[in-house]
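Chains, contacts and geometry: an overview
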Amino acid sequence: MLVAFDALFCLLVIGPLISCLGGIGRARVSWVHFGVAMVTAGALVCGAGVALAAWCRGLPFTLDLSHFSPFTFLLSIDRLSGFFLFLVCAVSLPAVAYSLPYIGRHYGKTRAAWYWALLPLFLLSMIIVVTSATAFAFFAGWELMTVFSTALIFLEGDSEERRRDIFLYLLTMQGGAALVISAFMLFAPLAPSLDFASIRSAAGVMGGPLKAAVFLLAFCGFGAKAGLIPLHVWLPRAHPIAPTPVSALMSGIMLKTAVYAFLRFVFDFLSGGPAWGGYVVLAAGAISAVLGILYALFETDLKRLLAYSSIENVGIIYLAMGAAMVCLQNRLPAFAALALLAALMHTLNHAIFKNLLFLGAGVIHSATKTLQLNDLGGLLKLMPSTGIVFLVGCVSIAGLPLLNGFAGEWIAFQSFLAGGLLPSPVAQVALPLAAGALALTGALAAACFVNLYGVVFLGRPRNPEIAALPKESAAMLLPVAALAIACVLIGIVPMMVIRPLWSLVETLIPGGNFASISGIGSSLQTVALVVLVAAAGAAAIGLVTRAAVRRSPTWGCGLPHLTARMQYTATSFSKPLRMVFAWAYRSERKLEVSPAERPYFPTAVSYHSRRTTSYEKTLYRPIINSILAAAQQLRRVQTGNIQLYLLYIFLALVFMLLFMRFR
Amino acid sequence: MMALKAAQFVLLVLSAPLVRGIVARLKAALQRRRGASIWRPYADLGKLFRKEDIVPPSASWLFRAVPRLAFAFTLAAAAFVPLLISGALLSFTGDFILLVYLLAFARFLLLLGAFAGGSSFGGMGASREAMVSVLGEFPLLMSLIAIAVISKSTSLVPIVAWTATQNFFDISAVHVLAFAALIIVAIAETGRIPVDNPSTHLELTMLHEAMVLEYSGPSLALIEWTQAIKLNLMIALLIGLFLPWGIALGAGALAVAISMALYLLKLLLAAGALALLESSSAKLRMYAVPEFLGIASGLSVLAIVFTVISKR
């Protein structure tokens, strides 16, 4: 197994080398890329194997790479790392497979070579993050992850606007990284080597206020990476502009490294965090979940919509983690374990269906050349297989039963029911309210994804050019279909992930009761059976009465015929909900009728609606302005006059001498 | 016991059109009309099942699959509800959450069906129905959770059995608040006045009817039946959670007979109340519906707060 772990790293480094050599040499490009993809896939399979052994069997692995690096570089896999390593390796396999046809179709030789050089390195950096066992190794992976993902985003183009978005991404990542470093450094006095084992024992003897500081730094630092509101501003800008498979990896997997790191800090190092920590996480989760999906509902660009829905799903994960912390603080480990299980389960599920939806969006974009919901329509008839696969993704992400999204949320709901058993009155109200937030989020997500699917796949094409589409490409569709199958399997037989996840949860929160959830698998299968029988029965009624089926045009209320533009669009569908939740959007509408002098007989009407709730304007702009103002003040010291600088040096020297003398 | 559970499930499903018929008849009586027979909905279903299924040209296979699947999911939800005995065909930890989500799945499908029709009416109805359902989900789950917390159980059947053994006059504020919230949600979910008018076909006022406007024949019959089951299910849920006294706690023949007679009485009361409400109030303007459901949300949050207070 250790060989497999070594192979994982070697192969992931060999891949880019091949790509670079292929880019220079004269070999047939497609074969070089095929080779890199195969090598990367082989590495990921090795990694998934190692991960499964560590996650399910609890076999620990340690790999010491210190002799390759200037600092202690220790990688080790326990059950928690094993699960996340599996997430990185197994769930990114479809994205790698999908990249082959996608990159072949969209990129020229140079860009493709760059892509295949960077993709394995990006995966490698995520693997380092989830397996590192020293602060330095963690940090190396954490920073490389940002660097490589940024480079991959640049492959799609570097216009002025994209540069701004990428700059914002880098800025947030660096800000978050600064907080994370500070969190690690607070351990330094007690654990100078900063490896995870000594950090763990240092946390045991740490004072309360210091622990609280570590918690807050980790919460904000990893929250920036996870995209918690209001630290999310970079996410809906950076994710959609990446190449589609990279968008999928960023949303589906890279965000989860922040979840991993937060879990590592809170449950492994700090064993539960401060008493109020649970409520902070709960509140952040609830706000991100509800606002994330509300903003998603407003979007009409498919990839941006999916990016906002990632914020929502991260919110759900934080909601469950917060419940786990609250239950743990109130000495109710059985329910804490349940909540943590829900968080991990949703982490896996979101990785699967978000990858599915992003890759599916790529399939749609390749065929139709647009991602604007209101330009699409009727795709189910033109791309039947894509339509079915995408439907599975939409139902899963809406959290509806018999698909994987529900299985995780159901466990979360059951852990929120612990509210009644907790001693603290605050928790007794907070946990049911969290359940309410999850219910509202679920309902909004269902509305959002009905809207998405209905507008894109049902009805008739809104754009006549769409009516003639190329045939669906099996090479692009197969990886997406594999993810859809995983959604259905986990949805109906959730025990196959609950069981190994439970053994992981037990290492973090001992004292859980497996019997309380062991019925979930069989009950969902019973319901699936009931639904199947009932649906077959309902279909059979038509056969018995022998009712005919006839195609006939829809009545057009007296008009000669209905046109595609008369259909409800995504914007019109979400209108009532946007009016109800107007406080969240504060939308600004612009209606232009031309000619203006004859408003009752217009030749053209244009309607524009824009969300004005802007975190940049109301939250970040004042901060940036005050920083700039402070910098202005500092400029008085910084005159550019060399004599003055010499004076500064002289004064500093005098000060140091006096300090050393009289200290 | 199993036979009884199956029988009450079948009863819930098959009697659904009858409940609609009774409500319609009571409404007619309140409006000094003679009204149609209470068996009329069955005749309607029979007629629709024999008619041809007309499918719009833009519709895909999903259009005809939707009513069948929505029916199946609603049926699965009905399997959780105790009616005459304190038992149900399906019962396990957290089943009321599953019930809510099975109904949500059915609605998800019907919303998709509306888009599949390709006309503007479908989208209009779907958009409005989505608004009502989004706002109804929060109070629905919150009041169910409040009841679950106060009765210290996580599954419908034990909750109903627990309530049936309590003294009626001892009933807590949680029950009163959750009951009020759930009534509002039930009206909204089943599309009755004052949220939606099931007998209107005017585009300005339609919610549910606009959503299913393109359906005909057996597909429409299944949708109508699904809607009737949902109404019956909601009434059964309200009776079971807040007025279960008399429900058979064992499987004795006499207990079941008494339970059945009492259930019929409660059902008639509920139908009467619904008919009275529908005859005496006007449909709300659509943008007043969020406020109406907001009241339910407020009540359900209060119910949760009272679970803390009433225990002390």
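Residues numbered from 1 in each chain as written. Chains lettered and ligands numbered in written order. Predicted model: local features only at pLDDT ≥ 70, side-chain atom pairs only at ≥ 80, totals over all residues. Heavy atoms only, no water.

1. Section: the overall build of chain A
Our working rule: Helix and strand assignments come from DSSP, with helices taken as H or I runs of at least 4 residues and strands as E runs of at least 2, each series counted from the N terminus. Exposure categories follow from relative accessible area, calculated using a 1.4 Å probe and restricted to protein chains: below 20% of the type maximum is buried, above 50% is exposed, and the middle band is partly exposed. In this analysis, two residues are considered to be in contact whenever any of their non-hydrogen atoms come within 4.5 Å of each other. Note on areas: these come from Shrake-Rupley sampling with a 1.4 Å probe, and a residue is covered only by the protein chains present in the view.
Assigned secondary structure in chain A consists of 25 helices and five strands. Taken over the C-alpha atoms alone, chain A extends approximately 100 × 65 × 65 Å along its principal axes. Going through the 663 residues of chain A one by one, you find that 57% of them count as buried. For chain A, long-range pairs separated by at least 24 residues make up 79% of all intrachain contacts whose partners lie at least 6 apart in sequence. Surface summary for chain A: the accessible area is close to 26200 Å², and the carbon and sulfur share equals 68%.

2. Remarks on the overall build of chain B
Heads up, the condition is: Based on C-alpha atoms, the radius of gyration is set beside the globule rule, defined as 2.2 Å times the residue count to the power 0.38. When charges are counted, Lys and Arg contribute as positive and Asp and Glu as negative, whereas His and the chain ends are disregarded. Every charge is mapped to an atom, namely NZ of Lys, CZ of Arg, CG of Asp or CD of Glu.
When its secondary structure is counted, chain B shows 12 helices and one strand. Counted from the first residue to the last, chain B has its helices and strands arranged as α-α-α-β-α-α-α-α-α-α-α-α-α. Taken over the C-alpha trace, chain B has a radius of gyration of 19 Å; the compact-globule value for 312 residues is 20 Å, and the two agree within 12%. With respect to the principal axes defined by its C-alpha atoms, chain B has extents near 60 × 45 × 40 Å. Out of the 312 residues in chain B, the part that is buried amounts to 64%. Restricting to contacts in chain B with at least 6 residues of sequence separation, those with at least 24 account for 81%. Accessible area for chain B stands at about 11000 Å²; split by element, carbon and sulfur atoms hold 69% of it. Each charge sign in chain B was given a centre, from 23 positive and 15 negative side chains, and these centres are 7 Å apart.

3. Some details on helix α1 (residues 2–14) of chain B
As a reminder, the rule being used: In this scheme, a helix's expected span is set at 1.5 Å multiplied by one less than its residue total.
With 13 residues, α1(B) should reach 18 Å at 1.5 Å per residue; the first-to-last C-alpha distance of 18 Å fits that figure. Turning to α1(B), the residues buried within the fold contact α2 (16–30), α4 (61–78) and α10 (217–242) of chain B.

4. Quick notes on the side chain of Lys230(B)
Residues and elements named next belong to chain B. Residue placement: Lys-230 occurs in helix α10. Given a relative accessible area of 7%, Lys-230 falls into the buried group. Aside from chain neighbours lying at most four places away, what touches Lys-230 is Thr-74, Leu-103, Arg-107, Glu-189 and Thr-190.

5. Details of the interface of chain B and chain A
The criterion, for reference: Buried area: the accessible surface (1.4 Å probe) lost by two parts on joining, summed over both. For this document, the term salt bridge refers to a Lys or Arg side-chain nitrogen within 4 Å of an Asp or Glu carboxyl oxygen. Any N or O atom pair separated by 3.5 Å or less is treated as a polar contact, with the protein-specific requirement of one donor-capable and one acceptor-capable atom, and with residues adjacent in sequence counted only for side-chain atom pairs. The rule for pairing is simple: two strands pair if DSSP sees at least two bridges between them.
Chain B puts 74 residues into the contact, and the matching count from chain A is 75 residues. With both chains or domains summed, chain B and chain A bury close to 6300 Å², and 78% of this area falls on carbon and sulfur atoms. Contact with chain A buries area across many residues of chain B, yet Tyr101(B), Phe108(B) and Phe115(B) alone supply 12% of it, more than any other trio. Taken together, chain B and chain A are joined by one salt bridge. For the salt bridge of Glu52(B) with Arg550(A), the shortest nitrogen-to-oxygen distance reads 2.9 Å. At the junction of chain B with chain A, the criterion picks out 13 residue pairs in polar contact (both at pLDDT 80 or more). Only α3 (40–50), β1 (53–55), α4, α5 (95–116), α6 (120–150), α10 and α12 (289–309) of chain B provide two or more residues apiece to the side of chain B that touches chain A. With 18 residues, the single largest contributor to the side of chain B that touches chain A is α6(B). Across three bridges, strand β3 (residues 549–551) of chain A lies against β1(B) in parallel orientation. Following the sheet pairing, Arg551(A) is matched in β1(B) by Val55(B).

6. Quick look at the confidence of the model for chain B
Counted only if it meets this: Residue-level confidence of the predictor, termed pLDDT, takes values from 0 up to 100.
On average, residues of chain B carry a pLDDT of 92, and 99% of them reach 70 or more. The complex model carries a pTM of 0.94, and its ipTM stands at 0.96.

7. Some thoughts on the nonpolar core
Convention followed: Buried Ala, Val, Leu, Ile, Met, Phe, Trp, Tyr and Cys residues form a nonpolar core when they are joined through side-chain atoms within 4.5 Å.
Among the nonpolar cores identified, the biggest contains 359 residues, and Phe187(A), Phe222(A) and Tyr318(A) are the most heavily contacted of them. Not counting residues up to four positions away in its chain, the partners in contact with Tyr318(A) are Phe219(A), Phe222(A), Gly223(A), Ala226(A), Leu228(A), Val259(A), Phe262(A), Val281(A) and Gly285(A). Ranked by size, the runner-up nonpolar core spans five residues in total, among them Tyr568(A), Phe121(B), Met206(B) and Ala210(B).

8. Re the packing of helix α3 (residues 79–106) of chain A against helix α4 (residues 109–131) of chain A
All names here are of chain A. Using the following cut-off: Orientation is described by lines fitted to C-alpha atoms, with helices fitted over the stretch in contact, and by angles between N-to-C directions that extend from 0 to 180 degrees. For this classification, under 35 degrees means roughly parallel, over 145 means roughly antiparallel, 65 to 115 means roughly perpendicular, and everything else is oblique. Charged means Asp, Glu, Lys or Arg here, nonpolar means Ala, Val, Leu, Ile, Met, Phe, Trp, Tyr, Cys or Pro, and polar covers whatever is left, Gly included.
For the pair α3 and α4, the least separation of the axes is 10 Å and the interaxial angle reads 175°. It follows that α3 is roughly antiparallel to α4 by the angle criterion. Contacts between α3 and α4 involve Ser-81, Phe-84, Leu-85, Val-88, Cys-89, Ser-92, Val-96, Ser-99, Leu-100, Ile-103 and His-106 from the first element and Arg-111, Ala-112, Tyr-115, Trp-116, Leu-119, Leu-123, Met-126, Ile-127, Val-130 and Thr-131 from the second. Of the residues that constitute the contact of α3 with α4, the class distribution is 15 nonpolar, five polar and one charged.

9. Examining the pattern of salt bridges
Residue and element names in this part refer to chain B. The tally for this structure, following the rule as stated, stands at 18 salt bridges over all chains. With a closest N to O distance of 3.5 Å, Arg-68 and Asp-53 form a salt bridge. Highlighted residues: Arg-68 in helix α4 and Asp-53 in strand β1, separated in sequence by 15 residues. Classification of Arg-68 as buried rests on a relative accessible area of 10%. The shortest N-O distance in the salt bridge between Glu-189 and Arg-107 comes to 2.9 Å. Of this pair, Glu-189 sits in helix α8 (residues 173–189) while Arg-107 sits in helix α5, and the two are 82 residues apart along the sequence.

10. Structural notes on a nonpolar patch on the surface
All names here are of chain A. Keep this limit in mind: In this scheme, patches are assembled from residues that exceed 30% relative accessible area and form no salt bridge. Like charges are connected within 9 Å, while nonpolar side chains (Val, Leu, Ile, Met, Phe, Trp, Tyr) are connected within 5 Å.
A grouping of Leu-634, Val-637, Ile-642, Leu-646, Tyr-648 and Ile-649 is seen on the molecular surface, where their side chains present a nonpolar patch of about 610 Å² in accessible area. Per-element accounting of the nonpolar patch gives the leading share, four residues, to helix α25 (residues 642–662). In this fold, Ile-642 is placed in helix α25. By relative accessible area, Ile-642 is classed as exposed at 59%.

11. Here we look at the packing of aromatic side chains
Residues and elements named next belong to chain A. Here is the rule we go by: Any two of the Phe, Tyr and Trp rings considered here, Trp counted by its six-membered ring, make a pair once their centres fall within 6.5 Å; the pair's planes then place it as stacked at under 30 degrees, edge-to-face at over 60, or tilted in between. Only when the NZ of Lys or the CZ of Arg is both within 6 Å of the ring centre and within 35 degrees of the ring normal is a charge said to sit over the ring.
Overall, the coordinates contain 51 aromatic pairs over all chains when judged by the stated rule. Residues Phe-83 and Phe-84 carry aromatic rings whose centres are separated by 5.0 Å and whose planes lie at 70° to one another, so their mutual orientation is edge-to-face. A single burial state applies to Phe-83 and to Phe-84, both of which are buried. Residues Phe-219 and Phe-262 carry aromatic rings whose centres are separated by 6.0 Å and whose planes lie at 55° to one another, so their mutual orientation is tilted. Of this pair, Phe-219 sits in helix α8 (residues 208–226) while Phe-262 is found in helix α10 (residues 244–269), placing the two residues 43 residues apart along the sequence. Chaining the aromatic ring pairs together yields one cluster made of Phe-138, Trp-142, Phe-184, Phe-187, Phe-196, Phe-222, Phe-265 and Phe-269. The lysine or arginine in question, Arg-611, covers the ring of Tyr-295, its NZ or CZ lying 3.9 Å from the ring centre. In this structure, Arg-661 packs its charged tip against the face of Phe-662, placed 5.4 Å from the ring centre.

12. Some details on unusual backbone geometry
Here Ser594(A) and Pro595(A) are connected by a cis peptide whose omega angle stands at 0°. Structurally, the position occupied by Pro595(A) is in the loop between β4 (587–594) and β5 (604–611). Residue Pro194(B) is reached from Ile193(B) by a cis peptide bond, and omega for that bond is 10°. For Pro194(B), the position within the fold is in the loop between α8 and α9 (208–211). With a phi angle near 65°, Lys369(A) is a residue other than glycine that sits in the positive phi range. Judged by relative accessible area, which is 61%, Lys369(A) ranks as exposed.

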